[in-house]
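Understanding the architecture of this molecule
What follows is the residue order along each chain.
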Amino acid sequence: MADGEHGPFHEIGREEDAGAAFVLQSKGEWWHAGFHLTTAIVGPTILTLPYAFRGLGWGVGFLCLTVMGLVTFYSYYLMSLVLDYCEKDGRRHIRFRELAADVLGSGWIYYFVIFIQTAINTGISIGAILLAGECLQFYFVYPDIFIYFLAVQIMYSNLFPNGSLQLYHFIAMVTVVMILLSQFPSFHSLRHINLGSLILSLGYTFLVVGACINAGLSKNAPSRDYSLESSQSSRVFSAFTSISIIAAIFGNGILPEIQATLAPPATGKMVKGLIMCYIVIFLTFYSAAVSGYWLFGNKSNSNILKSLMPDEGPPLAPVWLLGLAIIFVLLQLFAIALVYSQVAYEIMEKKSADVKQGMFSKRNLIPRIFLRSLYVIFCGFIGAMLPFFGDISAVVGAVGFIPLDFVLPMLLYNMTYKPTKSSVAYWVNNSIIVIFTCVGIMGTFSSVRKLVLDAKMFKLFSSDVVD
């Protein structure tokens, strides 16, 4: 397209765009993008990988994990190329929705991406608050592990000797902390937090791996069975559910917004950040999947930490080690919720702030505090009300992550670079589009099926999270 003919969603007047000027400040280096991307992908969801292997087995599980890693790296690499191409053409895009609408030339795609991004980002924010509340609840249920927060333990023991606090109380505590953290004004201002998040992800992964090895070599090691389900139909549904879980774990859906934080020119910088991120992915994903599935086999829980702390009998690993891992998970969840809230904050800022008045002016500060607090309260309320949100998130992951991370990047590349029909890129990209569209449909069906099967366990404001 010629300059000025990029449709109604071409980004103009960036100097008057408060969302761009305040939230998506372009000041970062490539390693900052690596921190953001790692936080967006490498989170406590990697502790569900043994559960995903349960529906696939060793060989297929390894294959799916490797293929998904290669495909997502390729997908994100293609999207960074498209973003670089647009920047060289004088059209630097800092939002996924506007990039898609510009390249694909269709107004409906703009609203489609907004809907999918909002569903994913809000869902992850809710899930992070819910899981953080569950981590906090764990410490009060197992007070001997709570040595790291002794003062709070004593306070709780005195005020609530019978342990009357419910999960939603802990979610409320997490929500209060999140309200305070949500006031970091820009994505770039999270760079140090996200460096900490990267270190935390390595920390709890290696702690869990060590716990699994220790448990597997001990005399109390659980019996292991790696067989799949006996019913053919159940095996098929479990396999597609597992594939959807792995796809969702690799997904992020906010790569353009992360690349927007890079100081111009951004060309080539995102690839370095991707490489950093995938080094961390290699170190964490495989070690967590292998050690957890090796120890528990087809009895793997949706969270390795839960499997290491059975309802009956002693923990399978040292209490201090499990406690430290949960502290790391809890702290990283705050960073994850912050990262995935940035798209919502950018939309709020664009509509409510006056870029001429300055980021910290009273005119902009009061609406920011109010709107972000309201958003966090909403996420906390939904997490407390729907502690079975994990099943809903599985559906959102299948419907959302696959279009944004496996389909749209291929389409954007094909439309931008127009590879010939005889080229390898053309056939590889279209094959990925077809295959992952089918996987997304089957994954959605399987996730909805699990949601229906688990429905009998659902209870509003329950203190138990449905796996």
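That block above? That's the structure.
This report concerns the structure included in the present document. It should be emphasised that the depicted structure is a prediction, and the values quoted were computed from it without experimental measurement. Each residue is numbered by its place in its chain's sequence as written, counting from 1. A pLDDT threshold of at least 70 governs which residues receive local features in this predicted model, and a stricter bar of 80 or more applies before side-chain atom pairs are shown or counted, although totals over entire chains, interfaces and linings include all residues. To get the side-chain values, take all heavy atoms of the structure and skip hydrogens and water.

1. Brief notes about the side chain of Asp 17
Here a strand is any run of E in DSSP of at least two residues, a helix any run of H or I of at least four, and the numbering for each starts at the N terminus. Structurally, Asp 17 can be placed in the segment before α1 (18–23). Throughout, exposure labels follow a simple rule: accessible area from a 1.4 Å probe, protein chains only, divided by the maximum for the residue type, with under 20% read as buried, over 50% as exposed, and the rest as partly exposed. By relative accessible area, Asp 17 is classed as buried at 9%. A 3.5 Å cut-off defines polar contacts: any pair of N or O atoms within that distance qualifies, except that in protein one atom must be a possible hydrogen donor and the other a possible acceptor, and neighbouring residues in sequence count only when both atoms are side-chain atoms. Within the structure, Asp 17 has its side chain in polar contact with the backbone nitrogen of Gly 19 (distance 3.0 Å). If near-sequence neighbours (up to four positions away) are discounted, Asp 17 is found in contact with Arg 95, Lys 350 and Val 355. Note on definitions: a residue-residue contact is assigned when non-hydrogen atoms from the two residues lie within 4.5 Å.

2. So, the packing of helix α2 (residues 30–41) against helix α12 (residues 269–296)
Two elements in contact, α2 and α12, have axes separated by 8 Å at closest approach and are oriented at 40°. Overall, the two elements α2 and α12 adopt an arrangement that is oblique. The handedness of the crossing between α2 and α12 comes out as right-handed. In contact with Trp 30, Trp 31, Ala 33, Gly 34, Phe 35, Leu 37, Thr 38 and Ile 41 of α2, α12 contributes Lys 269, Met 270, Lys 272, Gly 273, Leu 274, Met 276, Cys 277, Val 280, Ile 281 and Phe 285. Charged means Asp, Glu, Lys or Arg here, nonpolar means Ala, Val, Leu, Ile, Met, Phe, Trp, Tyr, Cys or Pro, and polar covers whatever is left, Gly included. Its residues assigned to classes, the contact of α2 with α12 comprises 13 nonpolar, 3 polar and 2 charged. Note on method: axes are straight lines fitted to C-alpha atoms, helices fitted across the in-contact stretch only, with angles between N-to-C directions ranging 0 to 180 degrees. Should an angle fall under 35 degrees it is called roughly parallel, over 145 degrees roughly antiparallel, and 65 to 115 degrees roughly perpendicular, with every other angle called oblique. Two helices that cross are described as forming a left-handed crossing if the nearer one is turned anticlockwise from the farther one by less than a right angle, and a right-handed crossing if clockwise.

3. Concerning the pattern of salt bridges
Throughout this description, the term salt bridge denotes a Lys or Arg side-chain nitrogen within 4 Å of a carboxyl oxygen of Asp or Glu. Counted by the stated rule, this structure contains 9 salt bridges. Asp 89 is the partner of Arg 91 in a salt bridge, and the nearest nitrogen-oxygen pair spans 2.9 Å. Since its relative accessible area comes to 7%, Arg 91 is described here as buried. Of the charged contacts, one joins Arg 95 and Glu 98 as a salt bridge, the two residues approaching to 3.3 Å between their closest N and O atoms.

4. Quick look at the environment of Gly 107
Position of Gly 107 relative to the elements: it lies in helix α6 (residues 107–141). When its relative accessible area of 32% is taken as the criterion, Gly 107 is described as partly exposed. As a C-alpha pair, Gly 107 and Arg 97 span 10 residues in sequence and 9.9 Å in three-dimensional space.

5. Digging into the packing of aromatic side chains
Only Phe, Tyr and Trp rings are paired, with Trp represented by its six-membered ring, and only when their centres lie within 6.5 Å; those with planes under 30 degrees apart are stacked, over 60 edge-to-face, the remainder tilted. As enumerated under the stated definition, the model contains 19 aromatic pairs in all. Geometrically, the ring pair formed by Phe 53 and Trp 58 is edge-to-face, given 6.4 Å between the ring centres and 90° between the ring planes. The exposure class of Phe 53 is buried, given its relative accessible area of 0%. Judged by its relative accessible area of 27%, Trp 58 falls in the partly exposed class. Between the aromatic rings of Phe 282 and Tyr 286, the centroid separation amounts to 5.6 Å while the plane-to-plane angle is 55°, which identifies the pairing as tilted. Placement of both Phe 282 and Tyr 286 in helix α12 is noted, with a separation of 4 residues, approximately one turn of the helix. Phe 282 gets classed as exposed once you look at its relative accessible area, which sits at 55%. Owing to a relative accessible area of 22%, Tyr 286 belongs among the partly exposed residues under this scheme. An aromatic cluster of three or more residues is present, and its members are Phe 53, Trp 58, Phe 62, Tyr 226, Phe 282, Tyr 286 and Tyr 293. Either the NZ atom of lysine or the CZ atom of arginine qualifies as a charge over a ring when it sits within 6 Å of the ring centre and within 35 degrees of the ring normal. Above the ring of Trp 294, the side-chain terminus of Arg 224 is found at 4.4 Å from the ring centroid. Above the plane of the ring of Phe 360 lies Arg 368, whose end atom (NZ or CZ) is 5.9 Å from the centre.

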